Amino acid sequence: MLRGLCFTVAPFFIRWKMELTSISHIGPKTEKLFQKLGVTDCESLRMYYPIHYDEYLPPVAAKAAVPGSKCAVTGHIARAVVVRQVRNMKIAVTEISDPTGKIRLTWYNAPFMRTVLKRGAVYIFRGNVGIRGGTRVMEHPEIYTPEQYDEKLRTLSPVYALTKGLSNNMVIKAVQGAFDLLPPVREYLPEQIVKLLG
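Residues numbered from 1 in each chain as written. Predicted model: local features only at pLDDT ≥ 70, side-chain atom pairs only at ≥ 80, totals over all residues. Heavy atoms only, no water.

## Focus: the confidence of the model for the chain
Averaged over the chain, the pLDDT score is 91; the fraction of residues at 70 or greater is 91%. Confidence over residues 6–13 falls short of pLDDT 50; this stretch has eleven contacts with residues more than four positions distant or in other chains. (pLDDT = per-residue confidence, 0-100. Contact = heavy atoms within 4.5 Å.)

## Some details on the pattern of salt bridges
Considering all chains together, one arrives at eight salt bridges under this definition. Between Lys 70 and Asp 54 there is a salt bridge; the shortest N-O distance is 3.0 Å. In this pair, Lys 70 sits in strand 4 (residues 70–86) while Asp 54 sits in strand 3 (residues 52–55), placing the two residues 16 residues apart along the sequence. We classify Lys 70 as partly exposed; its relative accessible area is 40%. One salt bridge connects Arg 126 with Glu 142, and the closest N-O pair in it is separated by 3.0 Å. With a gap of 16 residues between them, Arg 126 in strand 7 (residues 122–132) and Glu 142 in strand 9 (residues 142–144) connect regions that are remote in the sequence. One continuous salt-bridge network, built from bridges that share partners, spans Asp 54, Lys 70, Arg 126 and Glu 142. (Salt bridge = Lys/Arg side-chain N within 4 Å of Asp/Glu carboxyl O. Helix = DSSP H or I, 4+ residues; strand = E, 2+ residues; numbered from the N terminus. Buried < 20%, exposed > 50% of the residue type's maximum accessible area, 1.4 Å probe, protein only.)

## Looking at the nonpolar core
Val 73, Ile 103, Trp 107, Leu 117, Phe 125 and Met 138 are the most contacted members of the largest nonpolar core, which totals 18 residues. If you tally residues by element for this core, the top one is strand 4, at four residues. Val 73 has contacts with Pro 59, Val 60, Ala 61, Ala 62, Ala 65, Ile 96, Ile 103, Tyr 123, Ile 124, Phe 125 and Met 138, leaving out every residue within four places of it along the chain. Counting residues in hydrophobic clusters, the runner-up holds 17 residues, among them Val 39, Cys 42, Val 175 and Leu 182. (Core = buried A, V, L, I, M, F, W, Y, C linked by side-chain atoms within 4.5 Å.)

## A closer look at the pairing of strand 8 (residues 135–139)
As defined by bridge partners, strand 6 (residues 101–108) adjoins strand 8 across three bridges and the pair is classed as parallel. By the bridge assignment, Thr 106 is partnered in strand 8 with Glu 139. Counting the residues between successive antiparallel strands, the hairpin from strand 7 to strand 8 contains two residues, one of them, Gly 133, with a positive phi of roughly 60 degrees. (Pairing = 2+ DSSP bridges.)

## Describing helix 1 (residues 28–36)
Buried within helix 1 we find Thr 30, Glu 31, Leu 33 and Phe 34. One side of helix 1 carries all its buried residues, which in axial view fall inside an arc of 160 degrees. Facing away from the buried side of helix 1 by more than 90 degrees, the exposed set consists of Pro 28, Lys 29, Lys 32 and Lys 36. Summarising the contacts, the buried residues of helix 1 are in contact with helix 2 (42–46) and helix 5 (168–181). Taken from the residues just after helix 1, Gly 38 is the one with a positive phi, measuring 85 degrees. (Arc of directions from axis to C-beta.)

## Describing the environment of Ile 91
Its place among the elements puts Ile 91 in strand 5 (residues 89–98). Residue Ile 91 is classed as buried on the basis of its relative accessible area of 16%. Separated by 24 residues in the primary sequence, Ile 91 and Thr 115 have C-alpha atoms spaced 14 Å apart. Sequence-distant contacts of Ile 91, that is, excluding residues within four places in its chain, are made with Val 82, Val 83, Arg 84, Val 86, Thr 106, Trp 107 and Tyr 108.

## Things to note about the packing of aromatic side chains
On inspection of all chains with the given rule, the structure shows six aromatic pairs. With a centroid separation of 5.5 Å and 65 degrees between ring planes, the pair formed by Tyr 144 and Tyr 149 is classed as edge-to-face. There is no split in this pair, since Tyr 144 and Tyr 149 are both buried. Through pairs of rings, three or more aromatic residues link up here, namely Tyr 56, Tyr 144 and Tyr 149. Sitting over the face of the ring of Phe 179, Arg 46 holds its NZ or CZ atom 5.6 Å from the ring centroid. (Phe/Tyr/Trp six-rings, centres within 6.5 Å; stacked < 30°, edge-to-face > 60°. Lys NZ or Arg CZ within 6 Å of the ring centre and 35° of its normal.)

Here it is, written out as structure tokens:
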């Protein structure tokens, strides 16, 4: 049974008014966060377009990771993860290396990284590259096994405008939930163009 469902009809257009809380993982608190973005129901969520797309490109060597850019780097964990307490924050730090150089990785309030990342293991880390004290750094990079990254290689991931309390992954999951709940969107392109574009 679909909760909170009604619709309004206009020429050539049907607007489905289904509450955001109809999506299984959205509660009242998350619903209020979406409302700050002007998203008030499932239809407006489905129409909440990304501001751009993030492409998963082949990994580069550590030395080729350009500061100020976002890239993926394959490396092995060069030293065990160290967790430091700084005021009320736990900072997890480690270092990866490849034949060309090293990159320091940092996560905030993620002490579990100490058990996730084992010294000597090989991963692909993806994130924004910076420079601190002459050393390349990444903060909160994404972590993939080589096999996991191969599946994402050359794909595009939507990037949304956010508000405090909402992550990009939360929005992606919610948008997919809206598409799953609502009737299919009518295709307006001619059939020959759809076939041409795949």
